[in-house]
Amino acid sequence: MITTRSVPVHDTTLQVHLCGTGPLAVLVHGYPLDHRMWLDVLHSDLQQRRTLCAVDLRGHGGSPWAGDATHGMDLFAEDLAAVIRTLADDGRADVVGLSMGGYAALALAGRAPALLRSLVLVDTRAAADSEAGKEGRRTAMQHVVQHGRRWLAEQMLPKLVAADCPPLPRARLLTMIEGMPVETILADLAGMIARPDRTSVLQELRCPALVVVGEHDLLTPVAEAKQLADAIPGARLGVVPGAGHLTPLERPQEFVALLRDFLPPAGSG
Ligand code: MLT
């Protein structure tokens with residue numbers, strides 16, 4: 001059963017969605033999404049080996065927008081640190097971040113590595129945006145204000161999932177995007193524009209790490225994921241056949257199998 005809890009962070013409250021037993025694993029969603037992208041993972045047998053905690057980052061899902069014009073990745077990282085400090089019995093968590101959630105997870109790894117038992121980077125990158133990428137985000141900010149969230153959903157969907165993605169995950173995705181406060185969309189885009197290159201964090205990582213990517217990911221392609229994994233000492237790479245950018249939503253069984261191999265059962269050392 002999934003239970004929802006409110007966790008105070010320094011200037012607001014986050015909703016987190018919990019199930020399972022054992023050490024804490026924090027699941028961090030991408031943009032412009034919320035904890036519902038992890039629903040199949042929450043309902044999987046991973047809950048027999050971890051307390052799964054799908055966070056709604058500030059302004060997403062059940063967590064209110066706190067008035068920030070920019071959702072910087074360091075701000076998200078501070079929030080994640082507060083969640084781990086509040087919920088983890090041993091003060092550490094396995095942190096699983098997808099795309100923007102991966103940017104936030106890497107910011108956390110740079111700021112507070114002791115909070116990470118392991119790190120799973122899913123369909124994400126360590127590099128900052130290119131100038132063209134930043135310009136594309138500025139244009140998206142203008143279009144969202146002029147045309148609304150439906151425009152964003154229609155524009156993003158083909159980039160987020162593989163062409164043959166079934167209707168149900170597509171519908172879940174549209175529901176999340178169309179329910180996102182416009183203020184959150186703008187603050188996320190501003191935060192991603194401002195995020196620095198975190199390649200140097202990769203070499204410093206000392207916890208076990210897994211990089212996961214969808215075979216057909218257009219936004220963070222397999223070649224880029226391979227470079228990411230190569231830059232982290234001892235990291236493994238898992239490619240999910242048939243998936244696009246949202247592997248846990250599109251191919252949950254294959255995604256969970258990778259996590260099951262990576263996350264040891266509690267108490268096995
Ligand atoms: C995401 O899935 O979080 C976004 O694609 C991240 C981005 O736009 O860089």
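For the structure, see preceding data.
The structure contained in this document is the topic of the report that follows. (Residues numbered from 1 in each chain as written. Predicted model: local features only at pLDDT ≥ 70, side-chain atom pairs only at ≥ 80, totals over all residues. Heavy atoms only, no water.)

1. Examining the site of the ligand
For the ligand, the full set of nearby residues is G30, Y31, S99, M100, Y103, R137, M192, L219 and H245. The contact in question runs from an oxygen atom of the ligand to an N or O atom on the side chain of Y103, over 2.5 Å. About the coverage of the ligand: the protein hides 92% of its 270 Å² of free accessible area. Judged by its atoms lying within 2 Å of the grid points, the ligand is housed in the largest pocket. Class assignment of the residues belonging to the shell around the ligand gives a composition of five nonpolar, three polar and one charged. (Near = heavy atom within 4 Å. Polar contact = N/O pair within 3.5 Å; in protein donor to acceptor, adjacent residues only side chain to side chain. Areas by Shrake-Rupley, 256 points an atom, 1.4 Å probe, with all protein chains shown as cover. 1 Å grid on protein atoms, 1.4 Å probe; cavity = no way out; pocket = protein on both sides within 12 Å on 5 of 7 lines; lining within 4 Å. Sits in = over half its atoms within 2 Å of the grid points. Nonpolar A, V, L, I, M, F, W, Y, C, P; charged D, E, K, R; others polar.)

2. A look at the pairing of strand 7 (residues 209-214)
Buried residues dominate strand 7, accounting for six of its six residues. Pairing between strand 6 (residues 116-122) and strand 7: four bridges, direction parallel. When the sheet's bridge partners are listed, L121 is paired in strand 7 with V211. With five bridges joining them, strand 7 and strand 8 (residues 236-240) adopt parallel strand pairing. Opposite G214, over in strand 8, you have V240 as the bridge partner. The parallel pair strand 7 and strand 8, bridged by helix 9 (residues 222-231), forms a crossover whose chirality is right-handed. (Buried < 20%, exposed > 50% of the residue type's maximum accessible area, 1.4 Å probe, protein only. Helix = DSSP H or I, 4+ residues; strand = E, 2+ residues; numbered from the N terminus. Pairing = 2+ DSSP bridges. Right-handed = clockwise from strand over helix to strand, strands pointing away.)

3. With respect to empty space enclosed by the protein
Under the definition given, this model contains one cavity of 30 Å³ or more. In this model, the largest cavity occupies a volume close to 40 Å³. As for the largest cavity, its lining consists of Y103, L106, R125, A126, A127, R195, P196 and R198. Counted by class, the lining of the largest cavity contains five nonpolar, no polar and three charged residues. (Points joined across faces, edges and corners; volume = space filled by probe spheres on them.)

4. Description of the sheet that holds strand 3 (residues 24-28)
Read from one edge of the open sheet, eight strands run 1-2-4-3-5-6-7-8, paired in mixed fashion. At either margin of the open sheet sits one strand with a lone partner, and together these are strand 1 (3-8) and strand 8. Each adjacent strand pair in this sheet contributes to an overall mean axis angle of 25°, direction not counted. As paired strands, strand 3 and strand 5 (residues 93-98) are joined by four bridges and run parallel to one another. The partner of L27 across the bridge, within strand 5, is V96. Contacts from helix 2 (residues 73-87) reach strand 1, strand 2 (13-20), strand 3, strand 4 (51-55) and strand 5 within the one sheet, and its direction differs from that of strand 1 by about 115°. (Axes fitted to C-alpha atoms, helices over the stretch in contact; angles between N-to-C directions. Contact = heavy atoms within 4.5 Å.)

5. Some words on the environment of H43
When you line up the elements, H43 lands in the loop between helix 1 (39-42) and strand 4. Overall, H43 belongs to the exposed group, its relative accessible area being 56%. C-alpha of H43 to C-alpha of C19: the two residues are 24 residues apart in sequence and 8.2 Å apart in space.

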